[in-house]
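Commentary on secondary and tertiary structure
Single-letter residue listing:
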Amino acid sequence: MGFDPAFALSCVPTILSAIGTTLLVAAVSCFGAATIGFLFEMARRIGGIAGMASGFAIDFIRSTPVLIWLYFLYFVLPFYGIRLGSMTVGIMGLSLYYSGYLAEVFKAGIDAIPKGQPEAARALSLSRRDTVIYVIAPQMMRNIAAPLGNYFVSILKATPYLAVLAVPDMLGRAFDIASETYRYAEPLVVAGLIFLALALLISYGVKRLERRLLAGGTR
Amino acid sequence: MSLFDIWLGILKGVGTTAAVTAYGLLFAVPFALGFGVAQYLTVGVARLLVTAVIEFWRSSAVIILLFVFYYALPVFGISLSAWTVSAMVLGLNAGGYASQAVRAGLQALPSGQKEAGAALGLSRPAILFLIELPQALVAMSPTFVNTVIQLVKATALVSLVTLSDMTFRAKEIAQVEYNPVAIYTALLLAFFVVCYPIALAGRWLEARIAAPGSRAGGI
Amino acid sequence: MLAQSDPIVGIQGLNKWFGALHVLNDIDLTVASGARVVVCGPSGSGKSTLIRCINGLESYQEGVLRLAGTTLGHKARETAAACRQTGMVFQSFNLFPHLTVLGNCTLALRRVAGKTRSEAEDIAMAHLEKVRIPEKARSYPGQLSGGQQQRVAIARALCLNPRIMLFDEPTSALDPEMIKEVLDVMVALARDGMTMVCVTHEMGFAREVADEVVFMDGGSILDRAPARDFFSASGHPRSRLFLETILRH
Ligand SMILES: Nc1ncnc2c1ncn2[C@@H]1O[C@H](COP(=O)(O)OP(=O)(O)OP(=O)(O)O)[C@@H](O)[C@H]1O
Ligand SMILES: [Mg+2]
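Residues numbered from 1 in each chain as written. Chains lettered and ligands numbered in written order. Predicted model: local features only at pLDDT ≥ 70, side-chain atom pairs only at ≥ 80, totals over all residues. Heavy atoms only, no water.

Before going further, it helps to examine the site of ligand 1. All names here are of chain C. Neighbouring ligand 1 are the residues Phe18, Leu21, Val23, Pro42, Ser43, Gly44, Ser45, Gly46, Lys47, Ser48, Thr49 and Glu169. Separating an oxygen atom of ligand 1 from a side-chain N or O atom of lysine 47 is a distance of 2.8 Å. Within the side chain of glutamate 169, an N or O atom sits 3.1 Å from an oxygen atom of ligand 1. Out of a free accessible area of 630 Å², ligand 1 has 59% covered by protein chains. Elements that contribute at least two residues to the shell around ligand 1 include exactly strand S2 (21-31) and helix H1 (47-54). In terms of residues, the shell around ligand 1 owes the most to one element, H1, which gives three residues. Partitioned by chemical class, the residues of the shell around ligand 1 number four nonpolar, six polar and two charged. (Near = heavy atom within 4 Å. Polar contact = N/O pair within 3.5 Å; in protein donor to acceptor, adjacent residues only side chain to side chain. Areas by Shrake-Rupley, 256 points an atom, 1.4 Å probe, with all protein chains shown as cover. Helix = DSSP H or I, 4+ residues; strand = E, 2+ residues; numbered from the N terminus. Nonpolar A, V, L, I, M, F, W, Y, C, P; charged D, E, K, R; others polar.)

Okay, structure coming up:
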């Protein structure tokens, strides 16, 4: 029994039909991770106990595997009577795990803004709020755009972990085919290639975006 | 089962986790150095090929790679042990990331270094090994440390291909003892106590390298 | 109300520490309305810190600093209102890179002075004409030369109609050929009667426009003299030495 290209081809539509799930999970998780990561970073900047706790949480998350976070939420939440769909749990897990990384992205994006910028804003008598909205935030956004895009790709590549929680994503579909036909190689290879293609495509887009941001000079 | 028993049970898997990490490094380090340098030195078609290999390992979803190589290789008549498949897939994936640090480290060197070596009459390999790599390796050592952490964390996946690492042990315990909070907290902590010291060492290294007056040879 | 003859800046016994470092030591300085004061001195002598105190960017520990009739650092709202009377130009321009030249100039007009967009743009354009760079209004700072950026920074600071302009080494980050275009703008500003405190080592500029030159070292004012005396032989030995060093370059 060798590798059957015709069979592999026949797997494509079934697996590809879950691409929406994959992209949705990745997008929502990325948004969640960015939100939590931003809050982590803000708390870290405030300092004091909240800052230390937040810094430790970031380090803790970054020192532990994403798979274990998924298991943790999947098994621990029901223990406390919280019953959520496995996709929701998966999104929560990915959001939490990647928030540790995105906090660092926000940190770098803010640290890269020269000290003279908030100073100039103060010299112009802008309020703190206006300084954040009109001076800091836009520059931070430009600094984080490319790293955020790269983490979106990372999160996308982590979505197949959710198959472990029985979420019917592309890898889940591949395993469905495998268990029906007892042929693992073809569906798995197809799923792998689709993910690879997606990752390369989006990475390419991010690189172009990055180049455009850089080409704009200090724009 | 007491908390202590849970801990003890999980720690039974630490040998496997360590072994897969070490075995994986045997793939990661040579791949990172070999392909990173190759990508730096080659041009044209050769470079395209090198880049394709790197991108395959780096941009694929690692969990799918693991399943593909575990389930699909036998179809092509190649049977490797779960150990070898795990170490190879996780190692080359991590090595793919690290190869980019190698290449970037080499590219970041001022071109005067290469020219000074050539002016001294050194051959190209001599310039690479005596002048460029020693400097680049220092600059990229923090990235290497991060790669080790990524690799340790990625080993959680081997529980999915029947190797009895810490994650596998935890799931085993979870089948006989309904105490997910204790079990998965212990598992998270187990990874934390391994990875966090490595992360701190990496930070120390980074600070050393960034410190003014630090010499490449000083580390 | 502030009478015309009251000084805009009145500093008495000002002391400031950064931790254990005594950066400003018993500073006394008065800047009358319309006066042009040049501050010079070696690196680390506290020049930047002094003018950053004047517009509230730095706080101080001892002494009195009155700006436009208000003692800075007592009541937050009054301090903020007084600081609004100052305009500041930095060594490194500090333009906002994500905004156009016009956007840089109108931001404070719209957010602080509460002008509408078109009012703000009219005011900004008038100041951009003054610094002779109206054609770059739609450009981004990254597309301008250093000299052009610094002129925009001056226009930006002028937009809020300050009563005093503070300059912190405005030309020392510029290539020699661009220094003149910035100094010309500053000279014109002085001719218009703007009150100015200017940290600079451009002694030609000092000679041309300054009423008074202040020499600082080690956080203290060692020497202060009308410009023409400062450059004659009568000055403090330490400032003579300093003058000789910088004039040699
Ligand atoms: N935020 C700060 N924290 C601690 N020390 C500071 C700070 N800012 C300045 N200093 C120190 O205060 C002293 C005076 O600094 P200041 O910048 O006022 O000097 P300066 O006369 O403007 O020098 P330069 O000509 O180099 O600009 C220096 O020793 C400087 O290192
Ligand atoms: Mg200074």
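All names here are of chain C. Pairing is antiparallel in the open sheet, where four strands are placed in the order S2-S1-S4-S5. Looking along the sheet, the strands with just one partner apiece sit at the ends: S2 and strand S5 (70-71). Bridge count for strand S1 (residues 9-18) against S2 is seven bridges, and the pairing is antiparallel. Residue pairing for S2: phenylalanine 18 is matched across the bridge by leucine 21. (Pairing = 2+ DSSP bridges.)

Counting residues at the interface gives 38 residues for chain B, matched by 39 residues for chain A. Carbon and sulfur atoms make up 77% of the surface buried where chain B meets chain A, a total of about 3,400 Å² over both sides. At the junction of chain B with chain A, the criterion picks out one salt bridge. The salt bridge involving arginine 203 of chain B is made with aspartate 59 of chain A; its shortest N-O contact spans 2.8 Å. Counting across the interface, chain B meets chain A through eight residue pairs in polar contact (both at pLDDT 80 or more). Those elements that provide at least two residues to the side of chain B that touches chain A are helix H3 (44-59), helix H4 (62-72), helix H7 (124-154), helix H8 (166-176) and helix H9 (180-210) of chain B. (Contact = heavy atoms within 4.5 Å. Buried area = accessible area lost by both parts, 1.4 Å probe. Salt bridge = Lys/Arg side-chain N within 4 Å of Asp/Glu carboxyl O.)

Time to look at the interface of chain A and chain C. Each partner contributes residues to the interface: chain A has 19 residues there, and chain C has 23 residues. Put simply, chain A and chain C have two salt bridges between them. The residue glutamate 119 of chain A makes a salt bridge to arginine 52 of chain C at a minimum N-O spacing of 2.8 Å. Where chain A touches chain C, the interface holds seven residue pairs in polar contact (both at pLDDT 80 or more). The set of elements that each furnish at least two residues to the side of chain A that touches chain C consists of helix H6 (116-123) and helix H7 (128-158) of chain A. Among the residues making up the side of chain A that touches chain C, the classes are represented as eight nonpolar, five polar and six charged.

Our next topic: a positive patch on the surface. All names here are of chain A. A cluster of basic residues, Lys207, Arg208, Arg211 and Arg212, forms a positive patch on the protein surface. For arginine 211, the position within the fold is in helix H9 (residues 185-215). Judged by relative accessible area, arginine 211 falls into the exposed class, the value being 56%. (Patch = residues over 30% accessible without salt bridge, like charges linked within 9 Å, V, L, I, M, F, W, Y side chains within 5 Å. Lys, Arg positive; Asp, Glu negative; His and termini not counted. Charge placed at Lys NZ, Arg CZ, Asp CG, Glu CD. Buried < 20%, exposed > 50% of the residue type's maximum accessible area, 1.4 Å probe, protein only.)

Let us look at a nonpolar patch on the surface. Taken together, Phe79, Tyr80, Ile82, Leu84 and Met92 of chain A together with Tyr178 of chain B make up a surface patch of nonpolar side chains, about 600 Å² in accessible area. For phenylalanine 79 of chain A, the position within the fold is in helix H4 (residues 66-79).

Looking now at the packing of helix H2 (residues 19-46) of chain A against H7 of chain A. Residues and elements named next belong to chain A. The interhelical angle for the contact between H2 and H7, taken along N-to-C directions, is 135°, at an axis separation of 10 Å. Classified by the angle their axes make, H2 and H7 are oblique. Here H2 runs over H7; the crossing is right-handed. Contacts between H2 and H7 involve Thr22, Leu23, Ala26, Ala27, Ser29, Cys30, Ala33, Ala34 and Phe38 from the former and Met140, Leu148, Phe152, Ile155 and Leu156 from the latter. Looking at side-chain class alone, the contact of H2 with H7 contains 12 nonpolar, two polar and no charged residues. (Axes fitted to C-alpha atoms, helices over the stretch in contact; angles between N-to-C directions. Parallel < 35°, antiparallel > 145°, perpendicular 65-115°, else oblique. Left-handed = near helix turned anticlockwise from the far one by under 90°.)

A few words now on the nonpolar core. Counting 111 residues, the largest nonpolar core has Ile15 and Tyr161 of chain A together with Ile10, Phe69, Val89 and Leu157 of chain B as the members making the most contacts within it. It is H9 of chain B that contributes the most residues to this core, 12 residues altogether. Setting aside anything within four residues of it in sequence, one finds leucine 157 of chain B in contact with Leu67 and Tyr161 of chain A together with Val62, Ile63, Leu66 and Leu90 of chain B. Ranked by size, the runner-up nonpolar core spans 95 residues in total, among them Ala35, Ile51, Val197 and Val213 of chain C. (Core = buried A, V, L, I, M, F, W, Y, C linked by side-chain atoms within 4.5 Å.)

Turning to its location among the elements, threonine 84 of chain B is positioned in helix H5 (residues 82-108). Polar contacts involving the side chain of threonine 84 of chain B include one to the side chain of serine 81 of chain B, which spans 3.1 Å.

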